[in-house]
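Fold and geometry: a report
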Amino acid sequence: MIYKRTYRATAFMLILLLTVSCMKYGPAGTEDFHPSPPGEGLFIVNEGNFMYGNASLSYYIPRTGNMQHEVFIRANGINLGDVAQSMTIYSGLGYIVVNNSGVIFVIDPDTFRLKGSITGMISPRYIHFINDHKAYVTDLYQEKITIVDPVSFRITGYVPTPGHRSTEEMAQWKNLLFVSCWSYDNKLLVIDTRTDRIVDSLVVEKEPTQLLLDSNDKIWCVASGNLYRIHPGERKIEHIFPAGDQQSRTYLALNPRGDTLYYLNRNLWRMPVNAGSLPAVPFVRLPQRPYYGLAVDPATYDIYVADALDYVQQGKIYRFDPRGVPVDTLTAGINPGFFCFK
Amino acid sequence: MRVIAFLYILFLSCGYLAAQDTIEVRQLDTIRITAQRRLRDMGMQKTTLDSAGLRSDITGSLAQVLGQKSTIFIKSYGRATLSTASFRGTSPSHTQVTWNGMKINSPLLGMVDFSTIPSFFIDKADLYHGPSSVTVSSGGLGGAIALSTGTSDANGLSVNYIQGLGSFRTFDEFLRFSYKKDKWSSQTRFYYAYSKNDYQYINYRKKNFFYDDNGNITGYEFPVERNKNGGFADFHLLQDLQFKGTGKGTWNISAWYARTDRGIPLLNVDYKENSSVRNNQTDNSFRSVISWHRLGARDKLSARAGYMYTDMLYQYKRDLGNGQWANMVNSQSNVHTFFTQAEGEWYTDKWMFSANLSLNQHFVRTADNAVVSVEGQQALVGYEQARLELSVFSSVKYRPAERLGFTLNLRDDVYGENLTPLIPSFFAEYLLSKKGELVLKASVAKNFRYPTLNDLYFMPGGNPDLKPEEGRTYDAGISASHNGRKSGWNVNLAMFHSMIDNWILWLPTFKGFWSPVNVKQVKSYGIEIKGSLKLKPGREWRLEADGNFAWTRSLNLGDPVSWADQSIGKQLVYIPEFSSAITGRLGWRNWTLTYDWTYYSERYTTSSNQTHTRLGVLGPYFMNDLSLEKKLVFPWAVIHLKGIIRNLFNEEYESVLGRPMPGINYTLSVGIAPVFH
C-alpha cells in the first residue's frame with residue numbers, strides 16, 4: 001500500500017518538476033522617451049563593474065530634478081555593455097565609448113535611440129573630434145590611436161604611438177593634440193592633427209589622466225596628484241602644482257568660461273587658471289572618501305561630484321550650486337564616472 | 001493530499017543513505033569501526049559523497065557534482081571556466097579544501113576552482129558544514145571539503161576505459177588501471193577532455209539593426225552568436241599506490257598531475273572579434289602525498305608528507321595583424337608548497353583523544369611581464385614571498401551514556417610571524433530514539449581565517465596590516481534514518497547562524513588601485529535539508545532519490561561607507577536565498593534512468609539588492625537533465641552505454657551576468673571494462 005502511494009507521489013513530483021521550468025530571461029522591451037529641450041540635460045556614464053556587463057547611462061534634467069536610469073537599455077532594448085568609459089556629443093550625436101565591450105555606440109541625445117556603432121578597436125577609452133569626418137579614439141591596449149569617421153562609423157586610419165600602449169584623454173590647441181599615456185606610463189604625447197603623427201612628448205608624474213584647455217589657451221593635466229599647467233605652443237610645462245598626496249587620484253573640471261579650475265581629491269578645491277599657487281583652504285569640505293568623477297554645468301555653473309560608494313551598488317551624485325552649497329543628492333547607476341552635458 | 005505533502009518534504013529532505021565507509025575503514029573489522037565512527041563524527045554536520053555519486057557523468061567536474069549533490073552554492077561561469085564553492089552564504093575562500101589530507105586552497109587567492117577537478121579523479125568527498133570544518137582545517141568559515149583518492153580493493157587486474165562524445169565538439173577520454181596482489185595495490189587514472197565549447201545562443205543583449213537611407217532604424221534582429229574563445233583542453237594523470245606493511249602499518253602514495261588550458265569566453269556584450277583578442281588561462285599543477293598509518297586495537301597513528309606545485313599563466317593578447325600576438329596581460333604565478341602532518345588517536349569505549357600537527361611551507365612568485373616600468377624591464381605588478389603555516393589541533397570526545405556524546409576541539413594556527421587566536425569548538429549529540437535513528441546534534445565554534453598572500457603582499461595594493469577574519473557559528477540539527485530490507489531513507493535537517501567579523505574586501509583607494517581592508521561584518525543564517533530514499537519495489541526494480549534544499553540569508557552588517565550606502569542589511573551579491581536539487585533514479589535490470597533537477601532563486605548583482613533595474617538581478621532558474629544507462633554483460637567484458645541530455649527544456653539562462661549558458665546538449669558515453677579470467 002505504502003509503495004503505491006509512494007509511486008503516486010513520485011509521479012506527482014515529476015509532473016510538478018516538469019511544469020515549473022519558467023525563467024526570467026530573454027529580450028528586454030523598449031520605451032519611447034519624449035525629447036527634452038536641447039541644451040538641457042546631463043548624461044551620467046556609469047561604468048558598471050568590470051566583466052559584469054552592467055554599465056548604464058543615466059539622464060538628468062537639472063532644472064526639474066528629473067532623473068532617468070538606464071536610458072540606453074530602455075530606449076534600445078540592449079545592454080550598454082562592459083565598462084562604459086566616456087561620452088562626447090558632437091554635431092547632434094552622442095558617442096558613448098564602452099571600453100571592455102570594444103564598441104562606441106552613437107545615439108540621438110534626445111531620444112537615446114541608437115544611430116549606429118563603431119567597432120574594431122580593442123579597448124577604447126575616449127573620443128575626440130578633429131573635424132566632421134575625423135575623430136581620434138584612444139585605447140588602453142593598443143600602441144596606436146584609432147582614427148574613425150564619425151559619419152560613416154568606419155575606421156579610416158591610425159596614429160602609431162610606439163612604446164605607449166595606453167592612450168587616454170585628449171585636449172587640442174590649434175593643430176596640436178595632447179594625449180595622456182595613462183596605464184603604467186608617464187608621458188603626454190603631442191600629435192599634429194594634420195599629419196596624424198607624433199611631433200613631441202612631455203614627461204609628467206606617473207599615470208596622467210585628464211587634459212583640459214582653459215581660456216588662456218593653457219592645457220591642464222593631472223598625474224599622481226600633481227597638477228600641470230602646460231604651454232601648448234611651446235610644448236613645455238609652465239607650472240607644477242603639488243595638489244594631492246603622492247599618487248592620489250585627482251579629477252579636474254573647468255568652469256564654462258574656462259577661467260576657473262576645479263579639482264577633486266578628498267575635498268573639492270578651486271583656483272583661477274592663472275594662479276601662481278594652490279588655494280590654502282578647500283572650496284567645499286567633503287567626507288573623506290575616494291570620489292569617482294567631477295563636472296561643472298556649462299549653463300548654471302553647478303558642480304557635480306560622483307561617489308561610487310562601495311562600487312557594487314548604485315552610486316550617488318552630489319550637486320552643489322556655484323557657491324559650493326549642496327543642492328541635491330542624485331542616485332545614478334553603478335560606478336558613475338563620467339558626465340556629459342547636452 | 002497530506003500524504004503527498006509529507007512525501008514531498010521527505011523527498012526533499014532525505015539524507016544520503018548509509019554514509020559510505022572511508023577507504024581506510026573498509027579495511028577494518030566492521031564491528032569495532034562502527035563504535036569508532038560514531039565517536040569520530042559525533043555532533044557533526046557532514047555530507048559524504050561516495051564514488052557512485054561522484055562518477056555519474058564522465059564530462060562532469062567536481063563543481064557539477066557538488067552543485068547537484070549538496071547544499072553548497074557553486075558559482076559557475078560555464079563549463080570548464082571558474083567554478084567556486086561557497087557554504088552557507090559565505091565566500092569561496094571560506095571553503096577549505098584538502099586532498100588526501102593536504103590543503104589545496106591557493107595560498108594566493110584562498111580558493112579552489114572546482115572546475116579543474118574531474119569528478120572521476122575523486123573517490124570520496126566529505127563535506128563539513130559550518131563548525132564541523134574546524135576538524136579539517138581552520139579558516140573554513142563556511143565549511144570544508146576533504147577529498148580523497150585510493151586504490152581498489154578487488155584482487156587482480158581491472159581496466160576501465162570510458163569515452164564520451166558530446167555537443168559542441170566535446171571529447172572525453174578516461175582510462176583506469178587497477179591492480180592488487182598481496183600487499184600491493186595500484187591504481188592509475190588518466191583523463192583527457194577537449195572541447196571547442198562554441199555553443200550557440202540568441203544574444204538578447206545585442207541587436208542587429210536595419211537602417212533606411214536616412215539612418216533611421218527600420219527593424220532589428222537578435223544575433224545568433226557562439227560562445228567565443230571558450231575552448232579548453234584538460235589533461236590529468238593520477239597514480240595511487242598502497243602497500244600494507246608486515247606490521248599493522250599501511251603506506252599510501254598519491255601523485256596527481258594536471259594541465260588545463262582554457263579560453264576565457266568573451267562576455268555577450270563584447271563586440272570584439274574572436275580573431276582580434278585571445279584570453280587564456282593555463283594551469284599546471286602537481287600534487288603528491290605520501291602517507292603512513294597504523295591501526296592498533298585502540299589507537300591510530302598516521303603521518304603524511306606532501307609537495308604541491310602550481311603554475312598559473314593568464315594571458316590577454318591582441319592580434320598585431322601580421323600573425324603576431326602582443327601581450328596585454330601576461331600574469332604568471334608559481335607556487336611551491338611543502339606539507340607535513342602527524343596525527344594520533346586513542347580511544348576507549350567512552351573516550352576518544354586525538355591530536356594532529358600540520359605544517360605548510362609556501363614559496364610564491366607572481367608577476368605580470370606585460371606591465372613593465374617606464375624606465376626599464378622591471379615588472380610592476382606582483383611579488384615574491386614565502387610563508388610558513390602551522391596548525392595544531394586536539395580533540396576530546398566523550399560518550400557518558402549510550403545516547404549522549406560530547407566533543408571539544410581546540411585548534412591554533414601560526415601564519416608567517418602571526419598567531420591566530422585559539423579556535424575552540426564544541427559538539428553535542430543525543431540519540432532521541434533508536435527507532436528511526438533519531439539523533440539531535442548541536443555545535444558551536446569560533447573560527448579564524450587568516451589573509452591570503454595576495455591580500456597581504458600583492459603589488460600594488462597588498463595590505464600587510466590585515467587582521468584574520470573572525471567567525472562565530474552555531475548549528476543545530478536533527479537526523480533520522482531507516483534501513484529496511486526493501487526500503488531505506490535518511491533525513492537530515494540543520495539550522496545555522498554565524499557572524500563573520502573583519503571580512504576582507506578589496507576596495508579602491510585614494511591612489512586609484514585596489515587594496516584589501518577588514519571592513520565587512522556578515523551575518524548568515526538559514527536551513528539546510530538533505531535526504532534520500534531507496535526502494536526495492538520488485539526483484540528487478542530499484543528506485544532511488546536524493547535531494548537537498550537550502551534557505552540562506554547572508555547579510556552585510558558592516559559599517560556603511562557613507563550615509564548614502566544602501567547595502568546594509570542586504571543579501572550578499574550572487575548568493576541565492578533558496579536553492580534545491582533532486583536526483584531521481586529508476587533502475588530495471590541493467591537499465592538506469594536518472595533525472596537531475598536543480599533550482600536557484602534569483603541572485604542580486606548589486607550590494608544594495610536593487611530589483612527595479614534591468615541589470616541588478618539574475619532570474620531564478622531550473623535545470624533539468626536526463627540520462628539513460630544500459631549495462632551489457634558479456635563473458636569477456638562489461639560495457640556501459642550512457643546517453644545524457646542536459647538542459648532538457650532548452651532553457652535560456654545566465655548563471656553569472658553576461659555569460660549565457662548552453663541550451664539543450666547531449667553526451668554519449670561508452671565504458672568498457674574487460675573481464676580477465
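This text follows the structure it describes.
Right, let's talk about the interface of chain B and chain A for a bit. If you look at the interface, chain B gives 86 residues, while chain A gives 75 residues. Between chain B and chain A lies a buried interface of about 6900 Å² when both sides are counted; carbon and sulfur atoms form 64% of it. Three residues stand out in chain B for area buried against chain A, namely Phe510, Arg614 and Leu615 of chain B, and they jointly supply 12% of the buried area on that side. When residues in the side of chain B that touches chain A are grouped by element, the largest group, five residues, is from helix 1 (residues 2-13) of chain B.

What follows covers the packing of aromatic side chains. Residue and element names in this part refer to chain A. Following the criterion strictly, the structure yields 56 aromatic pairs over all chains and no others. The interplanar angle of 5 degrees and the centroid separation of 5.9 Å between the aromatic rings of Tyr263 and Trp269 together place this pair among those described as stacked. Residue Tyr263 is classed as buried on the basis of its relative accessible area, which comes to 1%. Note on Trp269: relative accessible area 15%, which makes it buried.

Let us now look at the pairing of strand 4 (residues 84-90) of chain A. All names here are of chain A. Two strands pair when backbone bridges link them, and strand 4 and strand 5 (residues 93-98) are joined in this way by six bridges, in the antiparallel orientation. Within the sheet, the bridge partner assigned to Tyr90 lies in strand 5 and is Leu93. Turn length for the strand 4-strand 5 hairpin, with the two strands adjacent in sequence and antiparallel, is two residues, and the turn residue Ser91 shows positive phi of about 50 degrees.

Before going further, it helps to examine the side chain of Asn46 of chain A. Residues and elements named next belong to chain A. Residue position: Asn46 is located in strand 1 (residues 42-46). A polar contact is formed between the side chain of Asn46 and the side chain of Ser58, at a distance of 2.9 Å. A distance of 3.0 Å separates a polar side-chain atom of Asn46 from the backbone nitrogen of Gly333.

Residue and element names in this part refer to chain B. A grouping of Leu165, Phe171, Phe190, Tyr192, Tyr194, Leu237, Tyr257, Phe286 and Leu668 is seen on the molecular surface, where their side chains present a nonpolar patch of about 750 Å² in accessible area. In terms of residue count, the dominant contributor to the nonpolar patch is strand 10 (residues 184-195) (three residues). Following the sequence through the fold, Phe171 ends up in strand 9 (residues 170-181). On the basis of relative accessibility, which here comes to 35%, the residue Phe171 falls in the partly exposed class.

Take the pairing of strand 20 (residues 251-254) of chain A next. All names here are of chain A. Of the two faces of strand 20, both are covered, the one formed by Tyr251 and Ala253 as well as the one formed by Leu252 and Leu254. Both strand 20 and strand 21 (residues 260-265) contribute to a ladder of four bridges, which runs antiparallel. Note that in strand 21 the partner of Tyr251 across the bridge is Leu264. Taking the residues that link successive antiparallel strands as the turn, the strand 20-strand 21 hairpin has five residues, and the phi of Gly258 there is positive, at about 75 degrees.

Rules used in this analysis
Per-chain numbering applies: the sequence of each chain, read as written, is numbered from 1 onward. Chain letters and ligand numbers both follow the written order, the letters beginning at A and the numbers at 1. Two thresholds apply to this predicted model, a pLDDT of at least 70 for residue-level local features and 80 or more for giving and counting side-chain atom pairs, whereas whole-chain, interface and lining totals are computed over all residues. As a rule here, side-chain values come from all non-hydrogen atoms in the structure, and water together with hydrogens is ignored. Note on contacts: a residue pair qualifies if any of its non-hydrogen atoms lie within 4.5 Å across the two residues. Here the quantity called buried area is the total loss of accessible area, with a 1.4 Å probe, experienced by two parts when brought into contact, counted for both. Helix and strand labels come from DSSP, where a helix needs a run of H or I of at least four residues and a strand needs a run of E of at least two; each type is numbered from the N terminus. Two rings belonging to Phe, Tyr or Trp (six-membered ring only in the last case) form a pair when the distance between their centres is within 6.5 Å. Interplanar angles under 30 degrees mark stacking, angles over 60 mark edge-to-face geometry, and anything in between is tilted. For each residue, the accessible area found with a 1.4 Å probe, counting protein chains only, is set against the maximum for its type, and the residue is called buried under 20%, exposed over 50%, and partly exposed in between. DSSP calls a pair of strands paired once it identifies at least 2 bridges connecting them. By the criterion applied in these results, polar contacts are pairs of N or O atoms within 3.5 Å in which, for protein atoms, one can donate a hydrogen and the other can accept it, and in which residues neighboring in sequence qualify only through two side-chain atoms. Each patch groups residues whose relative accessible area exceeds 30% and which form no salt bridge, using 9 Å between like charges and 5 Å between nonpolar side chains of Val, Leu, Ile, Met, Phe, Trp and Tyr. For every accessible area listed, the method is Shrake-Rupley and the probe measures 1.4 Å; residues are considered covered only by the protein chains on display. For this analysis, a salt bridge means a side-chain nitrogen from Lys or Arg found within 4 Å of a carboxyl oxygen belonging to Asp or Glu.

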